[in-house]
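Examining the three-dimensional arrangement
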Amino acid sequence: MTRELHRPASWLLMLTLLVTSGVFTQNAEAQTEHVEFHIDVTVRAFDPEVIEVTRGKNVRLIFTTPDVEHSVTPSAFGLGKIVILPGGKTIVEFTPQESGTFT
């Protein structure tokens, strides 16, 4: 025996589910927000040379290079060697856990 919901009750249920899912979606997006930095890498320099990040805030670094393959090793943030290939984007995400100046 199947039971049907009356239209008003089913609309109320659907509205409640939509509002609830919207709240969870907004909270999930807020937790995964990143401070983004676009870093151009050449044989001569990184541009920008210095970035400032906040401890505990998610960071996304987007590396690009127009010339040759490069690499960086941001071991202070618990990351290994990162290879940056010409013509593409290399994206690195992390959350700094320490304060300080790092090279």
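Cut-off values and rules
Per chain, the residues get numbers from 1 upward, laid out in the order the sequence is written. Where local features are concerned, this predicted model is filtered to residues with pLDDT of at least 70; where side-chain atom pairs are given and counted, the filter is 80 or more; whole-chain, interface and lining totals use all residues. Here the side-chain values reflect all heavy atoms present in the structure, with hydrogen atoms and water set aside. Any carboxyl oxygen of Asp or Glu within 4 Å of a side-chain nitrogen of Lys or Arg constitutes a salt bridge here. Here a helix means four or more residues in a row that DSSP labels H or I, a strand means two or more in a row labelled E, and each is numbered from the N terminus. Should DSSP find at least two bridges between two strands, the strands are taken to pair. Two N or O atoms form a polar contact when they lie within 3.5 Å of each other; inside protein one atom must be a possible hydrogen donor and the other a possible acceptor, and for residues adjacent in sequence the pair counts only when both atoms belong to side chains. It only takes one pair of heavy atoms within 4.5 Å for two residues to be counted as in contact.

A complete count under the given rule lists two salt bridges for this structure. Among the ionic pairs, E36 bridges to R60, the shortest N-O distance being 2.9 Å. Of this pair, E36 sits in strand 1 (residues 35-41) while R60 sits in strand 3 (residues 59-64); the two residues are 24 residues apart in sequence, bridging distant segments of the chain. One salt bridge connects R60 with E93, and the closest N-O pair in it is separated by 2.6 Å. One end of the pair, R60, is in strand 3; the other, E93, is in strand 6 (residues 89-94), and 33 residues separate them in sequence.

Two orientations exist for strands paired in a sheet by backbone hydrogen bonds: parallel and antiparallel. Strand order in the open sheet formed by four strands is 2-1-3-6, with mixed pairing between adjacent strands. Each having just a single partner strand, strand 2 (46-47) and strand 6 make up the two edges of the open sheet. Two strands pair when backbone bridges link them, and strand 1 and strand 3 are joined in this way by six bridges, in the parallel orientation. Opposite I39, over in strand 3, you have F63 as the bridge partner.

A few words on the side chain of H70. Summarising the element assignment, H70 is placed in strand 4 (residues 70-72). Polar side-chain contacts of H70 include one of 3.3 Å to the side chain of T65.

Right, let's get into the environment of T65. Along the chain, T65 falls in the loop between strand 3 and strand 4. A C-alpha to C-alpha distance of 5.7 Å links T65 and D40, two positions 25 residues apart in sequence. Setting aside residues up to four positions removed in sequence, T65 forms contacts with V41, H70, I84, L85, P86, G87 and G88. Engagement of the side chain of T65 in a polar contact is seen with the backbone oxygen of V68, the distance being 3.5 Å.

Geometric values such as these leave the question of function open.
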